[in-house]
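The residues making up each chain are set out below.
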Amino acid sequence: GLKIGIFISLFEESVLTKLVQALDRQDSVSSILIRPHPAHPIMIKFASQKVRISENRTPLLSDAEACDLVIGGSSSFHLSVLKYGVPTVYWNELDYIDHDYYGFVAGQIVYEIDDPAAMPFQDIYKFYNSLNWVKAFSKFDASYQRKQNDLNADIKDAILKLSA
């Protein structure tokens, strides 16, 4: 089954509970990893055996690698997790930050969902496997899919121009 992550910062407990319950009811979901922001610990106890809460000491990459898909609100984590190769989806109700605060949905690098109980897994797959996504993501991360040697050469050239 699918391993779903929920990476959160500013959230309402009732909304998080609703999301976990919606995911728990889906047969295709085998596990749910909740990663709270270090400044906002989770005090909720979940009855489902599918749910695990990440420890604050766990690196973002470790939690991302444990997931097939991550759900989040308006947070910069989307960039890092996407670069690690894990698709993310944005759910506006998950936090109380302005809709698409960072512009990831508008920039077409994060798929937005309306209802986690009806997760459109096939549409999410198509979204992230399109050439348009790669092009859009490279606007947010200029190093995406570039070789390290090429990046190093560009940095060297820029430093030489600045010091000339």
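Look up a bit, the structure's there.
Described in the following lines is the structure provided in the data block. (Residues numbered from 1 in each chain as written. Predicted model: local features only at pLDDT ≥ 70, side-chain atom pairs only at ≥ 80, totals over all residues. Heavy atoms only, no water.)

### With respect to the side chain of arginine 35
By the element assignment, arginine 35 lies in strand S2 (residues 29–36). What makes arginine 35 buried here is its relative accessible area of 16%. When residues no more than four places from it in sequence are discounted, the contact partners of arginine 35 are Ile6, Phe7, Ile8, Ser54, Thr58, Pro59, Leu60 and Asp63. (Helix = DSSP H or I, 4+ residues; strand = E, 2+ residues; numbered from the N terminus. Buried < 20%, exposed > 50% of the residue type's maximum accessible area, 1.4 Å probe, protein only. Contact = heavy atoms within 4.5 Å.)

### Quick look at helix H5 (residues 131–140)
What H5 keeps buried is the set Trp133, Ala136 and Phe137. In a view along the axis of H5, the buried residues occupy a sector of 100°, so they form one face of it. Along H5, the residues that are exposed and aim more than 90 degrees away from the buried face are Leu131, Lys135 and Lys139. (Arc of directions from axis to C-beta.)

### With respect to the sheet that holds strand S6 (residues 111–112)
On the basis of which strands lie adjacent, the open sheet formed by 6 strands has the order S3-S2-S1-S4-S5-S6 and parallel pairing. This sheet does not close on itself; its edge strands, each paired only once, are strand S3 (51–53) and S6. In terms of strand pairing, strand S1 (residues 2–8) meets S2 through 7 bridges, oriented parallel. In the strand pairing of S2, isoleucine 8 is matched with proline 36. (Pairing = 2+ DSSP bridges.)

### Examining the pairing of S1
For S1, the buried fraction is high: 5 of the 7 residues fall into the buried class. Handedness of the S1-helix H1 (residues 13–24)-S2 crossover: right-handed. Across 4 bridges, S1 lies against strand S4 (residues 69–72) in parallel orientation. Residue phenylalanine 7 lies in a different strand from S4, and its bridge partner there is glycine 72. (Right-handed = clockwise from strand over helix to strand, strands pointing away.)

### Considering the pairing of S4
The side-chain alternation of S4 yields two buried faces, one formed by Leu69 and Ile71 and the other by Val70 and Gly72. Sheet topology note: the S4/strand S5 (residues 88–90) ladder contains 3 bridges and is parallel. In the strand pairing of S5, isoleucine 71 is matched with valine 89. As a crossover connection, the stretch from S4 through helix H3 (residues 77–83) into S5 is right-handed.

### What to know about the nonpolar core
Counting 36 residues, the largest nonpolar core has Ile6, Leu16, Ile34 and Ile71 as its most contacted members. Elements that contribute at least two residues to this core include exactly S1, H1, S2, S4, S5, helix H4 (121–128) and H5. Here this core takes 5 residues from H1, the largest share from any one element. Contact partners of isoleucine 34, with chain neighbours within four places excluded, come to Ile6, Ile8, Leu16, Val20, Ile42, Phe46, Val51, Arg52, Ile53 and Ser54. If you look at the next biggest cluster of nonpolar residues, it comprises 8 residues, including Phe7, Leu33, Phe77 and Val81. (Core = buried A, V, L, I, M, F, W, Y, C linked by side-chain atoms within 4.5 Å.)

Everything listed is a geometric property; what it means functionally is a separate question.
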